[in-house]
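Listed below are the residues making up each chain.
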Amino acid sequence: MQNSIKENLDEILSKLENTEAKLIAVTKTHPVEKLQTLYDLDFKVFGENRVQELTEKHEKLPKDIQWHLIGTLQKNKVKYVAPFVAMIHSVESFSLLKEINKRAKQNERVIECLLQMHIAEEDTKFGLNETELYEILESEELKNFENIKLVGLMGMATFTDNKNQVRAEFKNLKTLFDKVKTNFKTENIDFREISMGMSGDYPIAIEEGATLVRVGSAIFGKR
Ligand SMILES: *Cc1c(COP(=O)(O)O)cnc(C)c1O
């Protein structure tokens, strides 16, 4: 028989005990009833990858849930999540950051953002390269963005059974994170989060220093 959501959650949380990492339950494609099950177990940190699904679920569920947007965000959709989103993991351009700042300001909020890095071998995965990362961090205009805070980096490893490769990719992200953390500290750049690790690779990510793991199918079963 399949494990229950509670059993899965407990198992993952026990692996995270005494580590730096916090869990984000990736709830995409699952009906609100399943999210409510987690909520009733007192787990309230959810990740979604689509804006429409995120806003619909936000409307239907209790308002003390912390919502993380982990998927690609189009500029014209920022306005829908700006009123409530806790963190955006998938910032991949300066112009997107500018739009997030604008919409956050309209909502009198400060939105925490992660810059998504391209760490995988496949070129199908999104994300910035190192040059693009520094272009954003060193931009003069960034200093004026009072309604965003850049709090770290996000990355997705290559989808492979090769654990050494996955580990090496996570290590690269951690090295980059450490570099930025020591070299950039401003009003709106304050690195503390590394979002890496999914159902298949989160134990490796934790060993390599993840502070946020995004786990879906290991909690809810296959989508
Ligand atoms: C779906 C998704 C996850 C979770 O994937 P699982 O393999 O189900 O744990 C993590 N991060 C992102 C960006 C996702 O889209």
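Above: the structure in question.
Quantities reported herein were computed from a predicted structural model and do not represent experimental measurements.

> Explain the site of the ligand to me, using residue names and the numbers behind them.
Taken together, Val26, Lys28, Ile70, Met156, Met198, Ser199, Arg214, Val215, Gly216, Ser217 and Arg223 form the complete shell of residues around the ligand. Within the side chain of Lys28, one N or O atom sits 2.7 Å away from an oxygen atom of the ligand. A distance of 2.8 Å separates an oxygen atom of the ligand from a polar atom in the backbone of Ser217. For the ligand, whose unbound accessible area comes to 380 Å², protein coverage reaches 90%. Its residues placed into classes, the shell around the ligand shows 5 nonpolar, 3 polar and 3 charged.

> Explain the nonpolar core to me, using residue names and the numbers behind them.
Within the largest apolar cluster, 74 residues are counted, with the highest numbers of intra-cluster contacts made by Ile100 and Leu150. With 6 residues, helix α7 (residues 163-183) is the largest single contributor of residues to this core. In this view, Ile100 contacts Leu73, Val78, Ile88, Val91, Ile111, Cys113 and Ile148; residues no more than four positions away in its chain are not counted.

> Break down the environment of Thr211 for me, citing the residues and quoting the values.
Of note, Thr211 is situated in the loop between α8 (202-207) and β8 (212-215). Side chain to side chain, Thr211 and Glu193 meet in a polar contact 2.6 Å long.

Scoring rules and cut-offs
Within each chain, residues carry numbers counting from 1 in the order of the written sequence. Reporting of local features is limited, given that this is a predicted model, to residues whose pLDDT is at least 70; pairs of side-chain atoms are given and counted only at 80 or more, and all residues count toward the totals for whole chains, interfaces and linings. Side-chain metrics rest on all non-hydrogen atoms present in the structure, leaving aside hydrogens and water. Throughout this document, a residue counts as near a molecule or strand when at least one of its heavy atoms sits within 4 Å of that molecule or strand. Two N or O atoms count as a polar contact when they lie within 3.5 Å, although within protein this holds only if one can serve as hydrogen donor and the other as acceptor, and sequence-adjacent residues are included solely when both atoms are side-chain atoms. Computed by Shrake-Rupley with a 1.4 Å probe, the accessible areas treat only the displayed protein chains as cover when residues are assessed. Residues are grouped as follows: Ala, Val, Leu, Ile, Met, Phe, Trp, Tyr, Cys and Pro are nonpolar; Asp, Glu, Lys and Arg are charged; every other residue, Gly included, is polar. To qualify as a nonpolar core, a set must consist of buried Ala, Val, Leu, Ile, Met, Phe, Trp, Tyr and Cys residues joined through side-chain atoms within 4.5 Å. Relative accessibility under 20% of the residue-type maximum defines a buried residue, over 50% an exposed one, and the middle range a partly exposed one, all with a 1.4 Å probe and only protein chains included. The way it works is that DSSP assigns letters per residue, a run of H or I at least four long becomes a helix, a run of E at least two long becomes a strand, and they are numbered from the N terminus. Contact between two residues is taken to exist if any of their heavy atoms lie within 4.5 Å; hydrogens are not considered.

By themselves, these figures tell us nothing about what the structure is for.
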